Amino acid sequence: MADVRADGGDDAIDLAQLVQSLRAGWRVIAAVTVLMIGLGLIYAYGLATPIYTAQSVVVLDTRKNQVVDLQGVMSGITGDSDELNTEVEVLRSRGLAEKVVDETNLAADPEFNTALRPPSLRARLKWLFGAQIQTETSKAGVVDALLDHLSVRNVPSSYVFEIAVQSQDPQKAAMIADAIAKRYILNQIEVKFDATEQATAWLTNRVAELKSDLEAAEEKVKSFNSATTLVSPEMLASLEVQLKDIRERIEQGKAQEVAAQTRVAALKAADTPEARLAAAQDAQLIRQEPGGAEFDARFAQVLARAELDAARATDQRSALERSQETLGRQIAKQGDDMIQLQQLTREAEASRTLYEYFLGRLKETSAQQGIQQADSRVLSMAVIPSIPTAPRKSLIIAMCVALGMFAGVGLVLVREALNSGFRTARQLEEETGVAVMGQIPVIPGKERAEILAYLASKTSSAAVEAVRNLRTSVLLSNVDHPPQVIVSTSSIPGEGKTTNSLALAMNLVGIGKSVLLIEGDIRRNTLGQYFSAQGQKTKGLVSVLSGEATLEEAILRPAELGISVIMGERSAINAADLFMSDAWHEFIRKARSLYDYIIIDTPPVLVVPDARIIAQVADAVLFSVKWNATSHGQVAEALQMFETVQQRVAGLILSQIDGEQMKRYGYGGKYGSYGAYSGYGAKYYKG
């Protein structure tokens, strides 16, 4: 049984096969590449409009001294990377571009104002369907066009900017590039001038406000001094000393008061003369007689004087405490006044300092107004270009070559991906599990009669040698019982099975065998086209089977070929019914007794069932597969149909092999008998 393998086995990419496929498709790749080169030449030299690029150069001047030190008003650029990138964006800004458009009147230039150009073919087609043709372009559109023509680049590791402008007119390109550079420099001065004006106005208002604040603060200090007693830190310190002295005297007075009160209490507590004498400590009282009237009178005087001293001490302490309280209030009042005076004074000084600072800045800014310097300068003006920068013809051609090669390779790979044919006997055997008995090249000849003449005359050609190899394989396929009745068929028409049948029959005659070639395809009668120049019998296979003619009457014997041929014959009888009849089986039995080999050329398997029916009386079935054309699915389906009727295909024939393409695919001289004879008889192969 045939082992028909499913499609899509191994998905691994065979690089060698890929290279060979590209090698085989070099004509396609070359043709596509030439086509792309031609299109590129037409575009570069005929259709493309020359574009000129002019370039002006601007440099940032980061080393000059600043005229004014006020931050944010007149400061220059430091040259940091962020600032360099910012300046690049400034050069590309719409605001700068709008000013250049106005200065150079680009709105009146058709290159930048599309409304001034003649209507395009697309616009005219739209107009035919009712759309209006645009006759005016906004200023924003002109600015967009200028930005599209503009490119700005910061030269690496430098403060240099290259301003490049593209235009169809070289003079216009240089003019616009210079205009952008000048406008950029002028724009820096205008920005600084505007900033200076704004700063001057703000400083003027601020100085006026600070002056009013200073006057108000000084007026407060003056009013406070006039409304309060003149104070000073020295006077406050003197009062503090007086307060300290009073506090010390109060402490002494308290001690004296306690001592006086203690004496009074002791005198009042003495109730005996001795006690009074001890408590009084008076010299006169000592000289008096204790208990006498003079003693008592003197003691009363001592007690009265002690009570007077105690009262005086109390009054003195109270007076000192009142002085302390008064002086304390005075010191507190003086301290508060001093603090308030110092605060008012500080506020006035702060207002004066701020006023003087802003007044100085105002004078500096006013003095520098109108003499600002730009942070950049033009390093070189644009030179009018003499050679267009676009289209880059060499680059276009190179790209066309690359695109052509890629497209060609893509077409070849797509063709290879879509191709499901067989290119080698090994591939066919591995896919089907059936042995390949022959590999037959394309036999030269535009007409079938020419092919027949070639087989008869070029007996040493590679094609005939390939047929000999097929003959040997067929005869040795069963050494004990070589096949006598051989059926030749294929999947679909046009795979060379009829030519293979005729070539095998002629080759068998060459070894001295009698051969009968039967046209089993009675629907098409293709075999007759090979013998049209030799005349044909009016009777054919159908007449023999129906009994209207004998076998001898239907046989055609071309003298130069040595084979016997029975042509097909159209009939109203269904072909399948005819080949299943007893007459057909009897005819084959009779033919076996008369001929050494019988070759039956049958219709394709996938078209009609005739081949499977005829194969029932055959000893071997040869199945032709057209090289690089018949798909895997067609072969698999056809072989499967033979399996359904329990009929074994003896061998496959890889037919109509293109030798030149085989070599391009890298298979020449490598596979099977055809490869072995690929160079044999080459001088005959061309005709």
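In case you missed it, the structure is sitting above this.
Bear in mind the structure is a predicted one, so any value in this text is a computation, not a measurement.

(A) Region of the structure containing the sheet that holds strand β12 (residues 651-657). If you trace the eight strands from one edge of the open sheet to the other, you get β5-β12-β11-β6-β10-β7-β9-β8, paired in mixed fashion. The strands lining the two open edges of the sheet, one partner per strand, are β5 (436-441) and β8 (555-556). On the sheet, helix α15 (residues 462-475) packs against β5, β6 (485-490), β10 (597-601), β11 (620-626) and β12 and is oriented at approximately 165° with respect to β5.

(B) Spatial organisation of the environment of A576. Relative to the helices and strands, A576 is located in helix α19 (residues 575-579). Spatially, the C-alpha atom of A576 lies 9.0 Å from that of A611, the residues being 35 residues apart in sequence.

(C) Representation of the sheet that holds strand β4 (residues 376-380) within the structure. The strand order β2-β3-β1-β4 describes an open sheet built from four strands, whose pairing is antiparallel. Each end of this open sheet is capped by a strand with a single partner; those strands are β2 (150-154) and β4. Strand-to-strand twist of the sheet, defined as the mean angle between neighbouring strand axes without regard to direction, takes the value 30°. Summarising the sheet, β2 and strand β3 (residues 160-167) pair through five bridges and their orientation is antiparallel. Looking at β3, one finds that V152 is bridged to I163.

(D) Expanded view of the side chain of T489. Here T489 is to be found in strand β6. A distance of 3.0 Å separates a polar side-chain atom of T489 from the backbone oxygen of P603.

(E) Just the nonpolar core, in detail. L541, W584, F587, I600 and F623 are the most contacted members of the largest nonpolar core, which has 49 residues in total. Leave out the neighbours within four places in its chain, and I600 touches V485, I486, V487, S488, I518, G520, W584, I588 and I614.

(F) Looking closely at the packing of helix α1 (residues 15-24) against helix α12 (residues 393-418). One can describe the packing of α1 onto α12 by two numbers: an axis separation of 10 Å at closest approach and a directional angle of 115°. Comparing the axis directions of α1 and α12 gives the class roughly perpendicular. Relative to α12, α1 is oriented so that their crossing is right-handed. The residues of α12 that touch α1, namely those facing L18, S21 and L22, are V409, V412, L413 and E416. Across the contact of α1 with α12, the residue classes break down as five nonpolar, one polar and one charged.

(G) Quick look at the packing of aromatic side chains. Scanning the entire structure with this criterion turns up four aromatic pairs. Taking the centre distance of 5.5 Å and the plane angle of 90° together, the rings of Y357 and F358 count as edge-to-face. Residue class for Y357 comes out partly exposed when judged on its relative accessible area of 44%. Classification of F358 by relative accessible area gives buried; the value is 14%.

Criteria and thresholds
- Residues numbered from 1 in each chain as written.
- Predicted model: local features only at pLDDT ≥ 70, side-chain atom pairs only at ≥ 80, totals over all residues.
- Heavy atoms only, no water.
- Pairing = 2+ DSSP bridges.
- Helix = DSSP H or I, 4+ residues; strand = E, 2+ residues; numbered from the N terminus.
- Contact = heavy atoms within 4.5 Å.
- Axes fitted to C-alpha atoms, helices over the stretch in contact; angles between N-to-C directions.
- Polar contact = N/O pair within 3.5 Å; in protein donor to acceptor, adjacent residues only side chain to side chain.
- Core = buried A, V, L, I, M, F, W, Y, C linked by side-chain atoms within 4.5 Å.
- Buried < 20%, exposed > 50% of the residue type's maximum accessible area, 1.4 Å probe, protein only.
- Parallel < 35°, antiparallel > 145°, perpendicular 65-115°, else oblique.
- Left-handed = near helix turned anticlockwise from the far one by under 90°.
- Nonpolar A, V, L, I, M, F, W, Y, C, P; charged D, E, K, R; others polar.
- Phe/Tyr/Trp six-rings, centres within 6.5 Å; stacked < 30°, edge-to-face > 60°.

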